[in-house]
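Chains, contacts and geometry: an overview
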Amino acid sequence: MSAPSTSPRRAWWVLGGIGAGALVAVGLVRYAMDFQDVLFVNALEIPVTVTAGGARFTLEPDAHLTRRMPSGPMDVEVVREGRTLARDSVVVTDERGLFVYNVLGAAPLYTSVIYYSRSPNPNEPGAVPQPLAGPSFQRTRPIDFVLTEPPSRMSMRKEDGQTVTRVHLGKAPGGWMTSYGWLMSLHRTADAALLAESLWKALPETPGVEHAALGAKLVVAHEEGLLASLAVSRAHRDAHPDDVDAQRLWMHEMRRAGRDDEVRAYYQAALEREPGSMLMGILLARTEPEPAATERLEKLMRDHPGELLPRRALAVRYTRQSRWAEGLTLLEAMEQSDPDYARYQDLHAEALVALGRREEAARKLAERLLRPTDKDEGPDLDDVRLYAKLVGHASREGAANEAMRQLIERAQKERPEGLVAEWLAASLGQPVDAAKLRGVPPDQSLAVATRVLMALAEEPEFAARAAAGVDFLGFRQLDTETGVLLAAEFERLGDAALAVKVLDASNAELGYGELQDVLSGKLSVASLKMLDWGERAALHLVLARQLDARGKDSKAAYALVKKEALLPGAVTIALQSWDRPKPANAVAGEPVP
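Conventions and cut-offs
For every chain, the first residue of its written sequence is number 1, and the numbers climb from 1 along that sequence. For this predicted model, a pLDDT threshold of at least 70 governs which residues receive local features, and a threshold of 80 or more governs which side-chain atom pairs are given and counted, while totals over whole chains, interfaces and linings are taken from all residues. The side-chain quantities take in all heavy atoms of the structure and omit both hydrogens and water. In this description a helix means any DSSP run of H or I spanning at least four residues, a strand means any run of E spanning at least two, and both kinds are numbered starting from the N terminus. Type-normalised accessible area, obtained with a 1.4 Å probe on protein chains alone, sets the label of each residue: buried when under 20%, exposed when over 50%, and partly exposed for intermediate values. Contacts are assigned to residue pairs with any non-hydrogen atoms lying within 4.5 Å of each other. For every accessible area listed, the method is Shrake-Rupley and the probe measures 1.4 Å; residues are considered covered only by the protein chains on display. We score Asp and Glu as negative and Lys and Arg as positive, and we do not count His or the chain ends. Every charge is mapped onto a representative atom, which is NZ of Lys, CZ of Arg, CG of Asp or CD of Glu. What counts as a salt bridge is simple: a side-chain nitrogen of Lys or Arg found within 4 Å of a carboxyl oxygen of Asp or Glu.

Some details on the overall build of the protein chain
- Counting secondary structure elements, the protein chain contains 25 helices and twelve strands.
- Once the C-alpha set of the protein chain is aligned to its principal axes, its extents read approximately 125 × 65 × 50 Å.
- When burial is assessed residue by residue, the protein chain has 46% of its 593 residues classed as buried.
- A sequence separation of at least 24 residues applies to 62% of the contacts in the protein chain between residues at least 6 apart.
- Accessible area for the protein chain stands at about 30,300 Å²; split by element, carbon and sulfur atoms hold 53% of it.
- Side chains of the protein chain carry 71 positive and 82 negative charges; the gap between the two charge centres is 3 Å.

Re unusual backbone geometry
- Between Glu290 and the following residue, Pro291, the backbone shows a cis peptide bond with an omega angle of 5 degrees.
- With respect to the secondary-structure elements, Pro291 resides in the loop between helix H8 (278-285) and helix H9 (292-303).
- At Asp62, a residue that is not glycine, the phi angle is positive and equals roughly 55 degrees.
- Among the secondary structure elements, Asp62 is positioned in the loop between strand E3 (55-59) and strand E4 (63-70).
- Of note, Leu104 is a non-glycine position whose phi angle comes to about 60 degrees, a positive value.
- With respect to the element layout, Leu104 can be found in the loop between strand E7 (98-102) and strand E8 (109-117).

Description of the pattern of salt bridges
- Tallying each qualifying case throughout the model produces 36 salt bridges.
- Between Glu262 and Arg259 there is a salt bridge, and its shortest N-O distance comes to 2.9 Å.
- Since its relative accessible area comes to 41%, Glu262 is described here as partly exposed.
- Taking the shortest distance from any N to any O, the salt bridge between Arg343 and Asp340 comes out at 3.3 Å.
- Judged by its relative accessible area of 24%, Asp340 falls in the partly exposed class.
- Within this structure, Arg255, Asp260, Glu509 and Glu514 form a network of salt bridges that share partners.

These results come straight from atomic positions and should not be treated as a statement about function.
Here it is as structure tokens:
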């Protein structure tokens, strides 16, 4: 057996091998630190070519891949058929975690922490997702499950204790519209506007993206002030001169600014330049006094038989004037042939109710809302609320309420469990399960609306406290009847700032100057021809309360309110719940006139 070699040369070779191995290990560590995982996600319906950090690759529709990228600045360009969709300069840092590049910010990504326990409790709430909506490039915490479904169970070692956690990165369905909805619900309106506008500029053919961009820009403009809103609406009007909705948006903002005379002059001049323009004639009629406005619309109907725009405008005008039978004739024709009839089905239902056909209105609306469609996105919340008002409750119990149960289930979508039903109950002045609201984020729009309605069912002062901290988006699930009632009552009580805020958020066709003139007696409610029955009833109720406060007889005023309130809502809630004001010099215990 030979003895081990003690050759100096062999020793140097051994030491050299060790040193080389150490250098390789250091190099590998440095490589790992100098390169980071970047996840590229494409939620668009088209393939795109991405150039990033010197690498070039294709992302198929609704696809993703992970690339190792060097730490430091990284230029990213996204191209589709030779056209640049996005160009960003980002920085990949050496921080731990996962970097995500979301093409145009469209993918509705989210993270959630998953808890695995030795003794699972079926009553424990599930993981609460945290949206990653907004910027195209973000760094997340280290992720255990990347865009894969996490396992329902996990084997645990003794040293893991009772519970271990894992982090999941997921992608919700719905594409950019889901991301947009998340941002709006989180009150990140500037990010929502940037997302929609970036998509619109890059892919203008995307359905609905221009409308979404405008909606977010308008919310941002409302937050900035009236001048910003006027500028956005005027630019939209000029960009879409033949779009009636673009014109109406500008008219609405001008009404908020108290500049109706300028609007009338604008359309008068436009009609003089184009005497045969049907659109300009319809828009001018919206600004004219009666009976000239209705006469103009009736003439346009005769001159343009079969055209949709005059019929729509006249149907609205007749119902605003409580000419229910004439309006119903037009609405029934629209139901058969107008592709945009869904926007007018509330008027149809109201006309039937006014003519004593409430059950028919509820049946027709339920049939339409529950009718299967090729792209079933669930009923609009406003339509579900209308159905609840028609049947007078939000109960889902029993076979007789099967339509209500189905509508609530389909409207629930991704909203917190049970919230739609509680919001409907609050909209009708019925009891609400407050425990269900406690588990809902305080800025969730339906929860905000429900709390305001619950406060409204107490007293105006409660409603004022509930409404004071609500921003523009928080009012979007309150109807215009509620907004006008609260704004008018707050103005009567002397809180002008809150009255302006609520009136602006209500989106009613009523300017603050007009509201002041109504309460001061300079303007009659009947002269405001663009208000619907609920908005008129709201103003008449506040006028009746004003008579109470002045010690005057208000019996006829309250009788008018009850006649105008066709369906349950804010007005009927206030009639039932609010104490009637007493004159300043009233004696305690003395009845109100």
